[in-house]
Every structure is written in C-alpha cells, then in structure tokens.
Amino acid sequence: MRSLTETDPARFVADFFTSFTADLLRDDADPALIVDRYHTADVVQVADGNVIDRDKLIAHTRPVRKNRPTIRVEVHDAVADGELIAARYTLHARQRGRDLAVEVCFFGRFTPDGRMRSTNMLTRAVAA
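The model shown is predicted, which means the values in this text are computed figures rather than measured ones.

A. Expanded view of the pairing of strand β5 (residues 98–110). Sheet topology note: the strand β4 (residues 84–95)/β5 ladder contains 12 bridges and is antiparallel. For Arg-94, the partnering residue across the bridge sits in β5 and is Asp-99. Sheet analysis places β5 next to strand β6 (residues 116–125), joined by nine bridges and oriented antiparallel. Following the sheet pairing, Val-102 is matched in β6 by Ala-125. Where β5 folds back on β6, the antiparallel hairpin that results is connected by five residues, among which Gly-114 adopts a positive phi of roughly 95°.

B. Representation of helix α1 (residues 9–26). The terminal C-alpha atoms of α1, which comprises 18 residues, lie 25 Å apart, in line with the 26 Å expected from a rise of 1.5 Å per residue. Along α1, the residues classified as buried are Pro-9, Phe-12, Val-13, Ala-14, Phe-16, Phe-17, Phe-20, Thr-21, Asp-23, Leu-24 and Leu-25. Two or three places before Ala-10, at the start of α1, stands the capping residue Asp-8, its side-chain oxygen 3.2 Å from that residue's backbone nitrogen.

C. Region of interest: the packing of aromatic side chains. One pass over the full model with this rule turns up 10 aromatic pairs. Taken together through their ring pairs, the aromatic side chains of Phe-12, Phe-16, Phe-17, Phe-20, Tyr-38, Tyr-89, Phe-106 and Phe-110 make up a single cluster.

D. Main features of the sheet that holds β6. With mixed pairing, six strands are arranged side by side in an open sheet as β2-β1-β6-β5-β4-β3. Two strands in the sheet have a free side with no partner beyond their single neighbour: β2 (50–53) and β3 (70–81). Across the sheet, the mean angle from the axis of one strand to that of its neighbour is 20°, orientation sign disregarded.

E. Examining the side chain of Asn-67 more closely. Along the chain, Asn-67 falls in helix α3 (residues 54–67). In terms of polar contacts, Asn-67 uses its side chain to reach the side chain of Arg-96, at 2.8 Å. Residue contacts for Asn-67: discarding those within four places in its chain leaves Gln-95 and Arg-96.

F. Spatial organisation of the nonpolar core. Within the largest apolar cluster, 26 residues are counted, with the highest numbers of intra-cluster contacts made by Phe-16, Phe-17, Tyr-89, Phe-106, Phe-110 and Met-116. Take this core: its biggest share by element is eight residues, from α1. If we ignore the near neighbours within four places in the chain, the residues touching Phe-17 are Ile-71, Val-73, Tyr-89, Phe-106 and Met-116.

G. Spotlight on the packing of helix α2 (residues 31–38) against α3. It is the contact of α2 with α3, at a shortest axis distance of 10 Å, that shows an interaxial angle of 120°. As α2 runs across α3, the sense of the crossing is right-handed. Between α2 and α3, the residues in contact are Pro-31, Ala-32, Ile-34, Val-35 and Asp-36 and Arg-54, Leu-57, Ile-58, Thr-61 and Arg-65, respectively. Taken together, the residues of the contact of α2 with α3 break down into six nonpolar, one polar and three charged.

So, how was this worked out
Per chain, residues are indexed from 1 in the order of the written sequence. Restriction of local features to residues with pLDDT of at least 70 applies here, the model being predicted, together with a cutoff of 80 or more for giving and counting side-chain atom pairs; totals for whole chains, interfaces and linings are based on all residues. Remark: hydrogens and water are excluded; side-chain values derive from all non-hydrogen atoms of the structure. Any two strands are treated as partners once DSSP identifies two or more bridges connecting them. Only runs of H or I of at least four residues qualify as helices and only runs of E of at least two qualify as strands under DSSP, and these elements are numbered from the N terminus. Multiplying 1.5 Å by the residue count of a helix minus one yields the expected span of that helix. Exposure classes here rest on a 1.4 Å probe applied to the protein chains alone. A residue is buried below 20% of its type maximum, exposed above 50%, and partly exposed in between. Each polar contact in these results corresponds to two N or O atoms within 3.5 Å; when the atoms are within protein, one needs to be able to donate a hydrogen and the other to accept it, and residues that are neighboring in sequence are counted only if both atoms are side-chain atoms. Aromatic rings from Phe, Tyr and Trp, taking only the six-membered ring of Trp, are treated as a pair when their centres fall within 6.5 Å; an angle between ring planes under 30 degrees marks them as stacked, one over 60 as edge-to-face, and anything in between as tilted. Simply put, an axis is a line fit to the C-alpha atoms, just over the touching stretch for a helix, and the angle between two N-to-C directions goes from 0 to 180 degrees. Should any heavy atoms of two residues lie within 4.5 Å, those residues are considered in contact. In these notes, a set of buried Ala, Val, Leu, Ile, Met, Phe, Trp, Tyr and Cys residues joined through side-chain atoms within 4.5 Å is what counts as a nonpolar core. Should the near helix be turned anticlockwise from the far one by less than a right angle, the crossing is termed left-handed; should it be turned clockwise, right-handed. Charged residues are taken to be Asp, Glu, Lys and Arg, nonpolar residues to be Ala, Val, Leu, Ile, Met, Phe, Trp, Tyr, Cys and Pro, and polar residues to be all remaining types, Gly included.

Structure representation (structure tokens):
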C-alpha cells in the first residue's frame, strides 16, 4: 500500500478501496488481518451518520465475502493536505448480477503508511 504523500490523491482513493476489496476476496485469510493492514486499530468511520469501528468493519467483511462484488472506483475530485484527504467518487459494484452505483463525498485521515484512521462519508445511490 502506498502512502498518501507518494501518490496522486485520486489514485490513492481508488487504489485504497479496490485493493482492500481485492485482498478480502483473494482468499479466506482472517478478515481482521486484512482490516488491520488498511486501517488503524482505533479507526472510526461515520457513513451517513452510522458509526463503524474496527469490530463493525470486520463484521462488514462477511457480507462482502459472501456477495463477492467486483468494484470500480471513479474519482471525480480529490485533494490532500498532509494526512487529510477529501474526495468525491462513485463506487460502481456488480454483485449477484446487479449493477449498483453509489456517489460518495469522503473526508478522511490517514497515517503516513497509508492506513485509514478516520472518515466521514455522505452517500447517495445513483443510476448504475
């Protein structure tokens, strides 16, 4: 995983989410190990007002593995300042024969080694 300072912010966002998903689906490794590779132990994500800590994030990996989506992240805007990144992107997913698309307004904080520390996200479904 690249650090934010070594990568264009748009490329960093796209690579972060696609790599995390690919690693989850690659094999049956303990999902906690994969979550910890991409997130700090004290990670807190707030998505549309729902608070997701490390334990909830690990629990979320079960349906991801079950549904085995293919994803593509289309970054429309992204800026970074040190450990902070703001981005607007569309997450395109295909699972169980259905195409889904979600627009995300993302505000995140990352460690120097590229792990997510905290995020606030606002999402809305859009036409796939």
